[in-house]
Amino acid sequence: MPALPQQQSNTAAETSPTATLQFPPITRDHILNCSYDSWFSKYRASCIKSRIIPLTPEFVNYLREDGIILGDEDDAESDEDEEWQSAPVTRPPIYEVESDSESDDADESPRLPPNRRFPELHQLIKDKIAELGGAVAPKLNWTAPKDAIWMSPHQNTIKCTSPNDIYLLLKSSNFITYDLEHAFDDCTSVPNATLHQAPFKPVLVLRSYFNPHTAMEFRCFVKHRNLVAISQRDLNYFEFLQPLKADIVSRVYQLFNSKLRYTFPDGNFVFDVYIPESEDEPLDRARLIDINAWAPHTDSLLFGWHELLDLNVPSPVLGVVGEDTARDLSAATDDHDDESSDEEGEDFTPELRLIDKEDPVAFNFSSPQYSAHKLPKDVVDAGMSGEGGMLEFARKWREMTK
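Rules behind the numbers
- Every residue gets a number counted from 1 within its own chain, in the order that chain's sequence is written.
- Whole-chain, interface and lining totals are the exception, using all residues; otherwise, since this is a predicted model, local features are given only for residues with pLDDT of at least 70 and side-chain atom pairs are given and counted only at 80 or more.
- The side-chain figures draw on all heavy atoms in the structure; neither hydrogens nor water molecules are used.
- When DSSP finds two or more bridges between a pair of strands, those strands are recorded as paired.
- Numbering of helices and strands runs from the N terminus, with a helix taken as a DSSP run of H or I at least four residues long and a strand as a DSSP run of E at least two residues long.
- Here the axes come from fitting lines to C-alpha atoms, over the contacting stretch only for helices, and the angles between their N-to-C directions go from 0 to 180 degrees.
- When checking whether two residues touch, look at their non-hydrogen atoms; a contact exists if any pair is within 4.5 Å.
- Between rings of Phe, Tyr and Trp, where Trp is taken as its six-membered ring, a pair exists when centres lie within 6.5 Å; planes separated by under 30 degrees are stacked, by over 60 edge-to-face, and by other angles tilted.
- With a 1.4 Å probe rolled over the protein chains alone, any residue whose accessible area is under 20% of its type maximum counts as buried; one over 50% counts as exposed, and the rest are partly exposed.
- For every residue, the pLDDT score states the predictor's confidence, bounded by 0 at the bottom and 100 at the top.

**Q** Teacher, can you tell me more about the sheet that holds strand β5 (residues 226–232) here?
**A** The strands that make up a sheet pair up through hydrogen bonds in the backbone, lying either parallel or antiparallel. Read from one edge to the other, the open sheet built from five strands follows the order β7-β6-β4-β5-β8, with strand pairing classed as mixed. In this open sheet, the two strands that pair with only one neighbour each are β7 (287–293) and β8 (351–353). Here the strands of the sheet are splayed against their neighbours by 20 degrees on average, with no regard to which way each runs. In the sheet, β5 pairs with β8 via three bridges, with the strands oriented parallel. Following the sheet pairing, Ile-230 is matched in β8 by Leu-352. Sitting on the sheet, helix α10 (residues 245–260) touches β4 (217–223), β5, β6 (269–274), β7 and β8, and the angle it makes with β6 is about 125 degrees.

**Q** Would you take a moment to explain the packing of aromatic side chains for this structure?
**A** The description of an aromatic ring pair uses the distance of the two centres, along with the angle that the planes make with each other. Enumeration over the complete set of coordinates arrives at 22 aromatic pairs. Plain terms: the ring middles of Phe-118 and Tyr-167 are 6.3 Å apart, the flat faces sit at 85 degrees to each other, and that makes the pair edge-to-face. Here Tyr-167 lies in helix α8 (residues 163–172) and Phe-118 lies in the loop between α6 (114–117) and α7 (119–131), a separation of 49 residues in the sequence. Neither Phe-118 nor Tyr-167 differs from the other in exposure class; each is buried. Measuring from centroid to centroid gives 6.1 Å for Phe-269 and Phe-271, while their planes differ by 40 degrees, and the two rings are tilted. Relative accessible area serves as the criterion here: at 0%, Phe-271 is assigned to the buried category.

**Q** Would you explain the confidence of the model for the chain in this entry?
**A** Reading fine detail from the predicted coordinates is not recommended where pLDDT is low. Taken as a whole, the chain shows an average pLDDT of 79; of its residues, 68% reach a score of 70 or greater. A low-confidence stretch, residues 76–103 (pLDDT under 50), is modelled with 40 contacts involving residues beyond four sequence positions or located in other chains.

Next up, the structure:
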């Protein structure tokens, strides 16, 4: 049974530059197929409870604008939240930095808060939060604002209990900007592609919030409809994972073979799973969290893209499987859900890579995750104290830099 050769773990550090890697043509359709709204309804039974809200042009413009303006309604639900708060629950308005041109400012009309700018959408978001139990984890089509959790009032989590919580995370996130502006950057240029390309429709995804054990999150790589590699996502050492290796591979393979293998439109893709603990067995069934493109912008974690691209798959399934064929093959695999995955996987054994106790990778993450996307605390405090705070901070900065 072939498997990937054992190599030292790496985290996005490739032996050759990404630009030299030979990816198969990356189409716009492939990127869109990985959008949450494209696949959620098909795999709903294997996913976290979710609601999908189409976004209006007004909301997208709001996300793209500079500055952060939150709703000004009195949200009684937030006042009842007893969690630790990074700032008072009733947040002062966050002012935009003034430009040097006063004439430009004079021509602009004051921007309305979200609850008055798009009231129907604002109310819909409130209703969906209530439907999901009062706490949600937001994301757009592909990406969650995990780089902005330091701005969250819910102690460095992505948890949101009000529309304002969601607006604050989305507006503070560089990851969300990527979804809106750069999602198709890796696509292969095709002549006259704009004449027939499918439109991009931004959506807001709200998932029922839970606090996962990050050690049980895994990224899985599929090449030619074969599960070829599984990587730990939290790049820290967890001793208890070592004896669970066989169970982890089994749970991932069961989800892949019974649900994804012949039903996802593309033969090459990457998917993320969460595997909770079980009362009767060491691990419960895997839950599908996200599907990502087989493209350079997807983090290969403990594998190198050069390894995955050069890997020879002994029994490739090439091309796109038609709907009828997919239905027949998927039904056939459903009959074997309770059987051992070893028999099903004799054509290829995926390699599971975990952080080892002495692995140097585990010692490269002493700084907080996504710390490169944060602002200094002094800047945040000044912004939260209003216009006067920002002016005072600017004055002190000028004095320090003279």
